[in-house]
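Examining the three-dimensional arrangement
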Amino acid sequence: MSQTGNDMENLERGKGRINETKAVADVDGNIIGELINKSQEAKEFAYCPYSKFRVGAAVLAPNGMIFTGCNVENACYSLGICAERTAISKAVSEGYRHFRAIAIASDLSEQIISPCGGCRQFMREFGAHWDVYLTKPDGSFLKMSVEELLPVSFGPADLKGAKV
Ligand SMILES: [Zn+2]
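As the structure is a prediction and not an experimental result, all values here were calculated from the model.

Definitions and cut-offs
Residues numbered from 1 in each chain as written. Predicted model: local features only at pLDDT ≥ 70, side-chain atom pairs only at ≥ 80, totals over all residues. Helix = DSSP H or I, 4+ residues; strand = E, 2+ residues; numbered from the N terminus. Pairing = 2+ DSSP bridges. Axes fitted to C-alpha atoms, helices over the stretch in contact; angles between N-to-C directions. Contact = placed C-beta atoms within 7 Å.

What follows covers unusual backbone geometry. A positive phi angle, near 55°, is found at Lys52, a position not held by glycine. For Lys52, the position within the fold is in the loop between helix H2 (28-43) and strand S1 (55-60). Positive phi outside glycine occurs at Val152, with the angle close to 50°. Tracing the sequence through the fold places Val152 in the segment after helix H5 (146-149).

Below, the structure written as C-alpha cells:
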C-alpha cells in the first residue's frame, strides 16, 4: 500500500490520478476567491442536526487542486468531525500533504468563523506556514497563518527532539 517518492510527487503535481475535485486558474486572487466560494458551497452539505451550525471548508493544494469538507455530526456527539478536518482528510487520502491555504465558511453574519483548537493542531501537522482564511458569508475574510492561530505549536519534528 505504500507509494514511492515519485508517485507521491506526481500526486502532488496532480498528475497521478483523476478525482472529483477540479483545478482552478492560477491567478492568486482568483484562486482565493474560488477557495472561499468552494468553502461556502461545501457548507451546504453540512450534516449538523444537533448544533444546527453549518460549516464548510476548502483546502488548496500547491497545484491548484481544491478539496472541500463540511462538518459531520453524530448522535454520539463526540464522534462529530469539523469541516476543516474533513477537507484536509479528503486531500491527504488523495495523496496531498502540502497545502497553500484553507478557507472556512459558516452562517455567522456578524463575525468571521474561527477554527477550533483541534483543527488548528490538525492543520499544523501539515506545516505552520500556510494561510487560513476565516470568512463571513459575504465573502469578506481575515487571513492568518497556521502559526498565528497556533503559536509555539507542537509538530512532527518535535517527536524527533533530543530526549533524556
Ligand atoms: Zn474544528
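Next comes the rest of the account.
Turning next to the sheet that holds strand S5 (residues 141-145). Ordered by their spatial adjacency, 5 strands build an open sheet running S2-S1-S3-S4-S5, and the pairing between neighbours is mixed. Two strands bound the open sheet, and with one partner strand each, they are strand S2 (66-70) and S5. Neighbour-to-neighbour, the strand axes of this sheet turn through a mean angle of 20°, independent of strand direction. Pairing of strand S4 (residues 131-135) with S5, which is carried by 5 bridges, proceeds in the antiparallel orientation. Opposite Asp131, over in S5, you have Ser145 as the bridge partner. Its contacts with the sheet put helix H3 (residues 83-92) on S1, S2 and strand S3 (101-106), and the angle it makes with S2 is roughly 140°.

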